[in-house]
Amino acid sequence: MTRENTKSNIPEGVCLRSGETSEHQDLFSKTLLPETSFLQTFPGTWWKHLVAGAVAGAVSRTWTAPLDRLKIHVQVNDSKGVNLLGSLKAMVKEGGYTSLWRGNGVNVMKIAPETGIKFLAYDKYKRLFSDSHTKLDIHQRFAAGSLAGVTAQTIVYPLEVLKTRLALGNTGQYKGINNCMKILVRNEGLAALYKGFLPNLLGIIPYAGIELTVYECLKKGYCQWYTHDPKDPGIFIYLGCGTTSSTCGQLGSYPLALIRTKMQAQAICKDGTQVSMVQHIMTIMREDGLRGFYRGFTPNCIKVVPAVSISFVIYEWMRNLLGLTWN
């Protein structure tokens, strides 16, 4: 199969793995580490792949937005007497069924810039390690990918804070994204746009490391057991490995994501006392133990399979619509 014939699925935030045909990529892993430049791999059509990925990500996030908002509510509220069904009923009672999508707009808005920045930054960082992209080893590509993720997160992180505030806001509290940002900056200063950034930054490494390791182990193990070509085990194997590795990655980084959300929301919760990352960790350990670090993890896991499936279907549809086909 020629290179032109293998150009395909690159949804939201996804690059190509070395040695794999592009139509069989894991569509949803955030730690895929290509050896070649994204612009070199898809000359003339790169913007179509970004558009297709952005649309797939937007539809996927919109369909699973209620689970995302439910997760945030469970993470932030006191553990005593809080459960998934109770939180869901409370949200519907407060703002109706449409309130389940509160904060989804800003969540969708950051897809395109985050993906674009990640691709461009990845290419730049690779040049710091070597003039020849094809000679980068896995450690160099992993470092470049991690740095690209940090760069993208640093730039779009304020949108993450706004998403949390909107998701936790009551009906009528904010008139929109701009109004939410104005109120936040006026009351708490510009620094409020980066609350929780440290645990978010620290969570990138365990997530990326665990996800990549599990993905490779599962794929190689399956191919060895069933004697398949390791370069092309099949699309459903990629999807299965991607879903499992993403879940495992979240298991490792979720405690930091929980603390990040708490720090983002602490000004509008309880008495608004500003608490550091270390203080949050000590409080959770004292009140809930290790189990407390995984509050809200259930809805987070529930949304993985539908998010992966919806994103794959929509990306395929967009790929065909934009003429990104292969023979």
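All of these numbers come straight from a predicted model, not from anything done at the bench.

**Q** Honestly, the overall build of the protein chain in this entry has me stumped. Any pointers?
**A** If you tally the helices and strands in the protein chain, you get 13 helices and zero strands. Element order for the protein chain, N to C, with α for helix and β for strand: α-α-α-α-α-α-α-α-α-α-α-α-α. Sorting the 327 residues of the protein chain into buried and exposed places 50% on the buried side. A fraction of 72% describes how many contacts in the protein chain between residues 6 or more apart in sequence connect residues 24 or more apart. Carbon and sulfur atoms make up 64% of the accessible area of the protein chain, which amounts to about 15600 Å² in all.

**Q** Would you explain the nonpolar core in this entry?
**A** Soluble globular proteins: nonpolar side chains tend toward being buried together. Membership of the largest hydrophobic core is limited to 12 residues, which are Val106, Tyr157, Leu159, Val161, Leu162, Leu166, Tyr174, Cys180, Leu184, Ala192, Leu193 and Phe197. Of all elements in the fold, only helix H7 (138–168) and helix H8 (177–188) reach the threshold of two or more residues within this core. Ignoring sequence-local partners within four residues, the contact set of Leu166 consists of Arg102, Gly103, Val106, Tyr174, Gly176, Ile177 and Cys180. Ranked by size, the runner-up nonpolar core spans eight residues in total, among them Met263, Met277, Phe293 and Phe297.

**Q** Can you walk me through helix H3 (residues 65–76) in this structure?
**A** Every α-helical turn comprises 3.6 residues, leaving residues that sit three or four positions apart pointing alike. Counted at 1.5 Å a residue, the expected span for H3 with its 12 residues is 16 Å, and the 17 Å between its end C-alpha atoms agrees. By the criterion of burial, H3 is predominantly enclosed, with 11 of the 12 residues buried.

**Q** Could you clarify how one ought to interpret the side chain of Ser245 in this entry?
**A** Examined against the element boundaries, Ser245 turns out to sit in helix H10 (residues 235–265). Leaving out residues up to four positions away in the same chain, Ser245 has contacts with Glu211, Val214 and Tyr215.

**Q** Even after reading the chapter, I still don't get the packing of aromatic side chains, so can you show me in this structure?
**A** The geometry of an aromatic ring pair is captured by the separation of the ring centres together with the interplanar angle, meaning the angle of the planes. Tallied over the full model, the rule gives six aromatic pairs. Seen from their ring centres, Tyr157 and Tyr194 are 5.9 Å apart, and the 25° between their planes marks the pair as stacked. Highlighted residues: Tyr157 in helix H7 and Tyr194 in the loop between H8 and helix H9 (197–225), separated in sequence by 37 residues. Ring geometry for Tyr294 versus Phe297: centroids 5.7 Å apart, planes at 85°, classification edge-to-face. Its relative accessible area of 32% is what places Tyr294 among the partly exposed residues. The exposure class assigned to Phe297 is buried, which follows from its relative accessible area of 11%. Three or more aromatic residues joined by ring pairs form one cluster here, namely Tyr157, Tyr194 and Phe197.

**Q** I tried to follow the environment of Leu166 on my own but got confused; where do I start?
**A** Looking at where Leu166 falls in the secondary structure, it is placed in helix H7. Under the relative-accessibility criterion, Leu166 is labelled buried at 10%. Along the primary structure Leu166 and Gly103 are separated by 63 residues, whereas in three dimensions their C-alpha atoms are 4.9 Å apart.

So, how was this worked out
All chains use their own residue numbering, which begins from 1 and follows the written sequence. The predicted nature of this model means local features are confined to residues of pLDDT at least 70 and side-chain atom pairs, given and counted, to a pLDDT of 80 or more, with totals for whole chains, interfaces and linings taken over all residues. Side-chain measures were taken over the full set of non-hydrogen atoms in the model, leaving aside hydrogen atoms and water. Comment: elements are numbered from the N terminus, with helices defined as DSSP H or I runs of at least four residues and strands as E runs of at least two. Throughout this description, buried means an accessible area under 20% of the type-specific maximum (1.4 Å probe, protein chains only), exposed means over 50%, and partly exposed covers the range between. In what follows, residue pairs with any heavy atoms lying within 4.5 Å of each other are defined as contacts. Note that accessible areas follow from Shrake-Rupley with a 1.4 Å probe, and for residues the cover is restricted to the protein chains shown. The term nonpolar core refers to a set of buried residues drawn from Ala, Val, Leu, Ile, Met, Phe, Trp, Tyr and Cys, joined through side-chain atoms within 4.5 Å. The span one expects for a helix is its residue count, reduced by one, times 1.5 Å. Each Phe, Tyr or Trp ring (for Trp, its six-membered ring) is paired with any other whose centre lies within 6.5 Å, and the angle between the two planes then decides the class: stacked below 30 degrees, edge-to-face above 60, tilted in between.

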